[in-house]
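Structural description and commentary
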Amino acid sequence: MLIDEKSIYEVTGGDYSVYCFGYTQARTVTNDIMKRDPWGGIPFVIRKDLEVSFDDKGNVVMPRVVLDKILFIASDDLPEGEE
């Protein structure tokens, strides 16, 4: 598994998902979850296919397709129509 600090990781326990930037942040979130709920099982840390880079000012730069994936993940389903 490629571990880096320029990828987005998902920390998931099945009924929740937390997205983190970099492996270190993902492991920190995982440890916090385990401390808060030690009987809840071990969360999975999954590297998502959402790599970004930085410009010379430290701003995040990403292709449009990565932004589209992030927006899709963050969006809720559309409400069902009433019949």
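Our structure is the block above this text.
Here the structure is a predicted model, which means the values were calculated and not measured.

**As for the packing of aromatic side chains**
Tallied over the entire structure, the rule returns two aromatic pairs. Ring plane angle 80° and centroid distance 5.7 Å describe the contact between Phe-21 and Phe-54, whose orientation is recorded as edge-to-face. Here Phe-21 is found in strand 2 (residues 17-21), whereas its partner Phe-54 is found in strand 4 (residues 53-54), with 33 residues between them in sequence. Taking the relative accessible area as the measure of exposure, Phe-54 reaches 36% and is therefore partly exposed.

**Quick notes on a nonpolar patch on the surface**
Together, Phe-21, Phe-54, Val-60, Met-62, Leu-67 and Leu-71 give the surface a local cluster of nonpolar side chains, amounting to about 470 Å² of exposed area. Within the fold, Leu-67 resides in helix 2 (residues 64-74). For Leu-67, a relative accessible area of 34% gives the class partly exposed.

**So, the nonpolar core**
Counting residues in each nonpolar core, the largest one holds seven residues, listed as Tyr-9, Val-11, Cys-20, Tyr-23, Ala-26, Val-29 and Val-45. Looking at this core, the elements with two or more residues in it are strand 1 (8-12) and helix 1 (23-36).

**Focus on the environment of Ala-26**
When you line up the elements, Ala-26 lands in helix 1. Taking the C-alpha atoms as reference points, Ala-26 and Glu-10, 16 residues apart in sequence, are found 7.3 Å from one another. With residues near it in sequence (within four places) discarded, Ala-26 still touches Tyr-9, Val-11, Cys-20 and Val-45.

Calculation notes
- Residues numbered from 1 in each chain as written.
- Predicted model: local features only at pLDDT ≥ 70, side-chain atom pairs only at ≥ 80, totals over all residues.
- Heavy atoms only, no water.
- Phe/Tyr/Trp six-rings, centres within 6.5 Å; stacked < 30°, edge-to-face > 60°.
- Helix = DSSP H or I, 4+ residues; strand = E, 2+ residues; numbered from the N terminus.
- Buried < 20%, exposed > 50% of the residue type's maximum accessible area, 1.4 Å probe, protein only.
- Patch = residues over 30% accessible without salt bridge, like charges linked within 9 Å, V, L, I, M, F, W, Y side chains within 5 Å.
- Areas by Shrake-Rupley, 256 points an atom, 1.4 Å probe, with all protein chains shown as cover.
- Salt bridge = Lys/Arg side-chain N within 4 Å of Asp/Glu carboxyl O.
- Core = buried A, V, L, I, M, F, W, Y, C linked by side-chain atoms within 4.5 Å.
- Contact = heavy atoms within 4.5 Å.

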